[in-house]
Amino acid sequence: MTTAALARKRRRPRWGSYAVWFVLFCMAIVFLMPVYVMIANGVKDAQSVSLQRMWLPPAQLSGANGFVGAWERLSPNLMNSLSMVIPATVLSSLIGAINGYLFAKWRFRGSDIIFTLMLFGFFIPYQSILLPLVRTLQVVGLYGTIPGLVLVHVIYGIPITTLIFRNYFANVPTELLDAARVDGAGVITTFIRVMLPLSIPAFVVVGIFQFTNIWNDFLFGVTVVPNPARQPVTIALNNLSGTFSVEWNVVMAGAVVAALPTAIIYILLGRFFIRGILAGSVKG
Amino acid sequence: MTTASTDSTPAVRTASVETRRWRLSETMQTVLLLLPSIVALAIFVYVFISFTFWVSLSNWRTLKVDLSLREPLFATYGELFAMARWQADLRNTFVFTVFFIAFAVTLGLTLAVMLDRHLAGHHVFRNIFLFPYALSFVVTGVVWRWIFNPETGLNLLFELLGMNHLLAQIGMGPLRPGWITDPTVVAQVNGILAAVLPGAESWQVRWGIPLAMIPVAIAATWQLSGFVMALYLGGMATISDEVREAARIDGAGEFQIYHRVIIPMLRPVTISVVVILLHVSLKIFDLVYTMAGVGPGFATDVPAIFVFEQMFKATRYNLGSAAAIIMLVLVALVIVPYLASTLKEES
């Protein structure tokens, strides 16, 4: 810390820092511009929203703003998303924790190859499995249902949750395992008694990662669930945006509504969100 | 991260030597516990891909299932590559990939370097730049569709800022691009390709840069440059201050420290960033679908939309499957060497 403070002090040209700060400030405004467009137009009412006034703030706040219409149309789909994302996140995190523990601490001949083959499943374009996936779900009676979507997200979530937990558990000292083993604990007992209590931070990271990924999914939702009443909110937002009879303020408010859960998580737990990015996207 | 797993490798090795005696039963337990996941992914990834591949070779092109193989075997692929739309899709993916990766890496790295100075409020800036990454591509598409709508959005902003007035003063026409509605393809290279490649004159598509693809690349950059920044910041945090200090003592300026020392040290991060962005751009679907659709004259169509429409709208299953397999091959060309090198590094 002290060296960092020292190094910071050493940087001579102060006006240079102001220039950089100014550039950052301008970039922040550019980055927030679409967010402004969403919110400013979402709170306008149907009379005051127009293409010519896109950049202007709302003149007054009325009770008939876009959020009323958006909530009316999207709240059922919001519930669909929630009832999909919560079980899918919990299940895929738990499976990932067990797999990650086994791949990190109980390596056997070929385990790295198996792990790599599993990880490949995270990167494939899902278009290459959609057709047999839909047929399979139809056969087992899960096509068009939220449980069907949960199953899909759990299975295709396994590679990435396994990867994050594997990297996390690899950092847990093996001495802890050895101690448990001397006490006679087996593979599962060690996991429950030693590893699980240590893995709360990893669960938070993986949970946020999966929640965001699954909430934001579009492709599985649109192909596995054809019935609009049962679709997750991202698909409903896209439908809303393509409907010409719907006012523009409702679409913008709808975008805010659909973005809100992940945005709130990001604002509250940003630190873990960043850790998830680092853990999940840099190679295993 | 790689460092994490390599650190622990020696420890794991010693453990396996010590415990060889009761290893067998524990290995059995491990395999049994892993088996459900292994079987599920074997089916949902590898068996499913094989099925899609089979369909791409079959006669199944209507709602009626027909899995008999087509004669000649790869006829559907021939048909696919002869389609003007598919040729446009390949062109668009290529153009999108180049612009998107160039924009996102440049911007992400620049933001990371600026934030690495730990100026006042750098956490706030970082959180703002990363924020779009938490949103869905659908949300991004819906909003940016209006920003790049020629009737309003940026064109209106140009107007409001008086740019067209300014341009008129110096004798130029108003700046009013068609953005995502622009069918123009600039920098066409059909002539050059026809001269170099045999058979290229039969291509139906205009090879060049479809202008409508650039706004899509900008929207994607908005969403993902914060992610690139986060990866670079993560990498920069692992470089100790001694390294910078040493470079400074050697007389390097701020710019040189990054240009000559830090960025070269972050090569592994750069490789990860490019591989990840590359596979995102090859698969890009929701953003383009919600923001621009297929575009005028397929100016913004991409393979993922093509597959989706052939499979779920036109029910031409063999054609859609063939296109999906090509997408998979393109992604595999990027990902397999990356995963293989990771595997080799670890063992």
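Since this is a predicted model, take the numbers as computed values, not measurements.

Looking only at helices and strands, one finds 12 helices and zero strands in chain A. When the helices and strands of chain A are placed in sequence order, the string is α-α-α-α-α-α-α-α-α-α-α-α. Here the C-alpha radius of gyration of chain A, 24 Å, is well above what a compact globule of 284 residues would show, namely 19 Å. Viewed in the frame of its principal axes, chain A has a C-alpha envelope of about 75 × 70 × 30 Å. Of all 284 residues assigned to chain A, the portion counted as buried reaches 51%.

Another point: the overall build of chain B. Summing up its helical and strand segments, chain B has 16 helices and two strands in all. Its C-alpha atoms give chain B principal-axis dimensions of roughly 80 × 70 × 40 Å. Counting only residues that meet the buried cut, chain B has 41% of its 347 residues in that class. Excluding contacts between residues fewer than 6 apart, the proportion of contacts in chain B whose partners are at least 24 apart in sequence is 69%.

On to the domain arrangement of chain A. Residues and elements named next belong to chain A. If you check the domain split of chain A, you get domain 1 (2-42) and domain 2 (69-281). Taking only C-alpha atoms into account, the centre of domain 1 sits 33 Å from that of domain 2. At the interface, five residues of domain 1 touch six residues of domain 2. Classifying every residue of the side of domain 1 that touches domain 2 by side-chain character gives three nonpolar, two polar and no charged.

Our focus in this paragraph is the environment of Gln223 of chain B. Residues and elements named next belong to chain B. Looking at where Gln223 falls in the secondary structure, it is placed in helix 10 (residues 213-237). Between the C-alpha atoms of Gln223 and Leu287, which are 64 residues apart in sequence, the distance is 10.0 Å. Leaving out residues up to four positions away in the same chain, Gln223 has contacts with Pro132, Tyr133, Leu135, Phe137 and Thr140.

On to the interface of chain A and chain B. Many structure descriptions define interface size as the accessible area lost when the parts assemble. At the interface, 80 residues of chain A touch 92 residues of chain B. The leading source of residues in the side of chain A that touches chain B is helix 12 (residues 248-281) of chain A, at 13 residues.

A few words now on unusual backbone geometry. All names here are of chain B. Residue Pro72 follows Glu71 across a cis peptide bond; omega there is -15 degrees. Counting through the fold element by element, Pro72 comes out in the loop between helix 2 (23-57) and helix 3 (75-82). Phi at Phe298 is positive, roughly 55 degrees, even though this residue is not glycine. The topology assignment puts Phe298 in the loop between helix 14 (286-291) and helix 15 (303-312). A tally of 24 C-beta atoms within 10 Å means that Phe298 is categorised as buried.

Below, the discussion takes up helix 5 (residues 122-130) of chain B. Residue and element names in this part refer to chain B. Listing the buried residues of helix 5 in full gives Phe125, Arg126, Phe129 and Leu130. Down the axis of helix 5, the buried side of the element spans an arc of 125 degrees, and every buried residue falls inside it. Those residues of helix 5 that are exposed and angled more than 90 degrees off the buried face are His123 and Val124.

With 183 residues, the main nonpolar core has Ile164, Leu237 and Ala255 of chain A together with Val216, Val288 and Ala323 of chain B as its most contacted residues. No other element matches the 16 residues that helix 6 (residues 146-170) of chain A contributes to this core. Mapped onto the domain boundaries, this core takes at least three residues apiece from domain 1 (2-42) and domain 2 (69-281) of chain A.

Residue and element names in this part refer to chain A. Residue position: Val139 is located in helix 5 (residues 130-140). Residue Val139 is classed as exposed on the basis of its 9 C-beta neighbours within 10 Å. Here the alpha-carbon distance between Val139 and Glu72, two residues 67 residues apart in the chain, equals 34 Å.

Okay, the confidence of the model for chain B next. For chain B, per-residue confidence averages 87 on the pLDDT scale, and residues scoring 70 or more make up 93% of the total. Both scores are available for the predicted complex, with the pTM at 0.89 and the ipTM at 0.90.

Turning our eyes to something else, we now look at the environment of Ser272 of chain B. Along the chain, Ser272 of chain B falls in helix 13 (residues 267-283). Sequence-wise, Ser272 of chain B and Ala88 of chain B are 184 residues apart; in three dimensions their C-alpha atoms are separated by 28 Å.

All right, on to helix 8 (residues 187-198) of chain A then. Residue and element names in this part refer to chain A. A rise of 1.5 Å per residue sets the reference length of helix 8, with its 12 residues, at 16 Å; its end C-alpha atoms lie 16 Å apart and thus fit the reference within 8%. Where helix 8 is concerned, the buried positions are Val187, Thr190, Phe191, Val194 and Met195. One side of helix 8 carries all its buried residues, which in axial view fall inside an arc of 125 degrees. Exposed side chains of helix 8 directed beyond 90 degrees from the buried face belong to Ile188, Ile192, Arg193 and Pro197.

Residues and elements named next belong to chain B. Packing of helix 13 against helix 16 (residues 317-346) leaves a shortest axis separation of 10 Å and a crossing angle of 170 degrees. One way to sum up the angle between helix 13 and helix 16 is to call them roughly antiparallel. Judged by residue contacts, Val275, Leu278, His279, Leu282 and Lys283 of helix 13 engage Met327, Leu330, Val331, Val334, Ile335 and Tyr338 from helix 16. Grouping the amino acids of the contact of helix 13 with helix 16 by side-chain chemistry returns nine nonpolar, one polar and one charged.

Conventions we followed
Residues numbered from 1 in each chain as written. Chains lettered and ligands numbered in written order. Predicted model: local features only at pLDDT ≥ 70, side-chain atom pairs only at ≥ 80, totals over all residues. Helix = DSSP H or I, 4+ residues; strand = E, 2+ residues; numbered from the N terminus. Rg over C-alpha atoms; globule rule 2.2 N^0.38 Å. Buried ≥ 20, exposed ≤ 12 C-beta atoms within 10 Å, placed from the backbone. Contact = placed C-beta atoms within 7 Å. Domains from an automatic or database assignment. Nonpolar A, V, L, I, M, F, W, Y, C, P; charged D, E, K, R; others polar. Arc of directions from axis to C-beta. Core = buried A, V, L, I, M, F, W, Y, C linked by C-beta atoms within 7 Å. pLDDT = per-residue confidence, 0-100. Expected span 1.5 Å × (residues − 1). Axes fitted to C-alpha atoms, helices over the stretch in contact; angles between N-to-C directions. Parallel < 35°, antiparallel > 145°, perpendicular 65-115°, else oblique.

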